[in-house]
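Each chain is listed here by its residues.
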Amino acid sequence: MLGPVRIDPITVSKVVLNMTGLFAFEVPGPEETIISNVRLPRILLAAIVGFSLAAAGTVMQGFFRNPLADPSIIGVSSGAAAGAVAAIAFPALVPAALGGVHIPAFVGALVTAFLVYAIATEGGRTPVATLLLAGVALQAFLGAMISYMMVHSGENLREAVYWMMGRLHRSGWSDLEFTLPITLVGVVVLAAYTREMNVLLLGEEDAQALGVNVERTKVLLLALATIVTAAGVAVAGVIGFVGLVVPHMMRLVVGPDHRILLPTSALAGASFLVLTDTLSRAGPAEVPVGIVTAALGAPFFLFLLKRREVHSL
């Protein structure tokens, strides 16, 4: 109902019911187009992106045993941003068959995560601390590359900046077709490994003694969290604090058991991003959703830091 054009709840309900194919209410053409082609796909995309980022954040916080971890900690978001900005700044280098920034961003995220893993792995083992440091270093390098490309992006600078701030204002059904299957499959597989996530919280040595193949599980969790994050970032740009604040907040409510924490965090992330996107377009001028998530998420997380111990899980 919110946006530059105000539409009453009855009209919204009629359009949504018409889309089921079971009803045929009379609705003015412009309102029907706005709801079915602009607002509804945007709301659904916000939900699925929030779902993916919060689920990946839950896994990353358990993986690193640190509530300050989030999906961007190993450079996934930076890799996606590098691929997207390259596609925006130098469109001639991107084959038309790739269809915009989705594929370059997705590939950039996966390649970055693979490089971080390859750098951190030695002798068949991947120390978590080394993985973290490699991610930080690669993020810094990619940040420099992104800045360079934006300086030379010319008339495409505005689009690149909007993408870096998180964008849902150009959402369409094609975005959902890209990210929905990847996200749902990834989160379902992650849900099958919630027991292993719980055991890893005890430490790698204890997890090994309890029968968990630690290195294989770490690789699998890292790969799945990367894919889920990449699917969300590729269509919505860099949106911060969803994967950081939401899992931590839900951990305070439901506890550390990943069998409960993972699905509740994912659903809370979906609700949070829909709410923040609604706020971003409720004012006289639309604001990129990444600005709103940071404006709400950062103070709230500082409040948690002040009120509770958050240095360990």
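Residues numbered from 1 in each chain as written. Predicted model: local features only at pLDDT ≥ 70, side-chain atom pairs only at ≥ 80, totals over all residues. Heavy atoms only, no water.

Chemist: Would you mind showing me how to read the overall build of the chain here?
Modeler: Scanning the chain from N- to C-terminus turns up 13 helices and 0 strands. Shown N-terminal to C-terminal, the secondary structure of the chain runs as helices and strands in the order α-α-α-α-α-α-α-α-α-α-α-α-α. The C-alpha radius of gyration computed for the chain amounts to 20 Å, which stays within 12% of the reference 20 Å derived for 313 residues, consistent with globular compactness. Taking the principal axes of the C-alpha coordinates as reference, the chain spans close to 65 × 45 × 40 Å. A fraction of 74% describes how many contacts in the chain between residues 6 or more apart in sequence connect residues 24 or more apart. If you sum the accessible surface of the chain, you get close to 14700 Å²; carbon and sulfur atoms cover 68% of it. Between the averaged position of the 18 positive side-chain charges in the chain and that of its 19 negative side-chain charges there is a distance of 6 Å. (Helix = DSSP H or I, 4+ residues; strand = E, 2+ residues; numbered from the N terminus. Rg over C-alpha atoms; globule rule 2.2 N^0.38 Å. Contact = heavy atoms within 4.5 Å. Areas by Shrake-Rupley, 256 points an atom, 1.4 Å probe, with all protein chains shown as cover. Lys, Arg positive; Asp, Glu negative; His and termini not counted. Charge placed at Lys NZ, Arg CZ, Asp CG, Glu CD.)

Chemist: Honestly, the side chain of R39 in this entry has me stumped. Any pointers?
Modeler: Inspection of the secondary structure puts R39 in helix α2 (residues 29-64). For R39, which is buried and forms no salt bridge, the nearest opposite charge comes from E286, at a distance of 8.4 Å. In this view, R39 contacts M1, L2, G3, P4, V5, I7, I34 and R281; residues no more than four positions away in its chain are not counted. (Buried < 20%, exposed > 50% of the residue type's maximum accessible area, 1.4 Å probe, protein only. Salt bridge = Lys/Arg side-chain N within 4 Å of Asp/Glu carboxyl O.)

Chemist: Even after reading the chapter, I still don't get the nonpolar core, so can you show me in this structure?
Modeler: Where a protein is soluble and globular, its nonpolar side chains tend to be buried together. Core analysis: the biggest nonpolar cluster contains 75 residues, and V49, I74 and W163 have the highest contact counts within it. Top contributing element to this core by residue count: α2, with 13 residues. Listed in part, the 5 residues of the second largest apolar core include I7, V15, I34 and I35. (Core = buried A, V, L, I, M, F, W, Y, C linked by side-chain atoms within 4.5 Å.)

Chemist: Any chance you could explain the packing of helix α4 (residues 102-120) against helix α10 (residues 214-236) here in plain terms?
Modeler: Helix packing for two helices is described by the angle between their axes and how far apart those axes are. Where α4 meets α10, the axes come as close as 8 Å, and the angle between the chain directions of the two elements is 155°. Here α4 lies roughly antiparallel to α10, going by the angle between them. α4 and α10 meet at a crossing whose hand is right-handed. Only V219, L222, T226, I227, A230, A231, A234 and V235 of α10 make contact with α4, whose side of the interface consists of H102, A105, F106, A109, L110, A113 and Y117. Counted by class, the contact of α4 with α10 contains 13 nonpolar, 2 polar and no charged residues. (Axes fitted to C-alpha atoms, helices over the stretch in contact; angles between N-to-C directions. Parallel < 35°, antiparallel > 145°, perpendicular 65-115°, else oblique. Left-handed = near helix turned anticlockwise from the far one by under 90°. Nonpolar A, V, L, I, M, F, W, Y, C, P; charged D, E, K, R; others polar.)

Chemist: Got a minute to help me understand the packing of α4 against helix α5 (residues 128-151) in this structure?
Modeler: Relative to each other, α4 and α5 sit at 135°, their axes nearing to 9 Å. One element, α4, and the other, α5, form an angle in the oblique class. Considering how the two elements wind past one another, α4 and α5 form a crossing that is right-handed. Residues T112, L115, V116, Y117, I119 and A120 of α4 form the contact with α5, whose own contacting residues are T130, L131, A134, G135, L138 and L142. Residues belonging to the contact of α4 with α5 are distributed by class as follows: 9 nonpolar, 3 polar and no charged.

Chemist: What's the story with the side chain of S153 in this structure? I'm lost.
Modeler: Inspection of the secondary structure assignment puts S153 in the loop between α5 and α6 (157-164). Judged by relative accessible area, which is 4%, S153 ranks as buried. Of note is the side chain of S153, whose polar atom sits 3.4 Å from the backbone nitrogen of L157. (Polar contact = N/O pair within 3.5 Å; in protein donor to acceptor, adjacent residues only side chain to side chain.)

Chemist: Quick question: what am I supposed to make of the environment of V212 here?
Modeler: Note on placement: V212 falls in the loop between α9 (204-209) and α10. A residue is classified by how much of its surface remains accessible, and V212, at 3% relative accessible area, is buried. Considered as a pair, V212 and V245 are 33 residues apart in the sequence and their alpha carbons are 29 Å apart. Dropping the residues within four chain positions of it, V212 is found in contact with R195, E196, V199, A207 and T217.

Chemist: Would you mind going over the pattern of salt bridges with me for this structure?
Modeler: Where side chains of opposite charge bring their charged atoms close, a pairing between them can arise. In the structure shown here, the tally under the stated rule is 8 salt bridges. One salt bridge connects D277 with R42, and the closest N-O pair in it is separated by 2.8 Å. Residue D277 is located in helix α12 (residues 258-280), and its partner R42 is located in helix α2; the two are separated by 235 residues in the primary sequence. Note on D277: relative accessible area 1%, which makes it buried. When the shortest N-O distance is used, the salt bridge between E204 and K218 registers 3.0 Å. In this pair, E204 is assigned in helix α9 and K218 in helix α10, connecting sequence segments 14 residues apart. Bridged by salt links that share partners, the residues R42, D277, R281 and E286 form one connected network.

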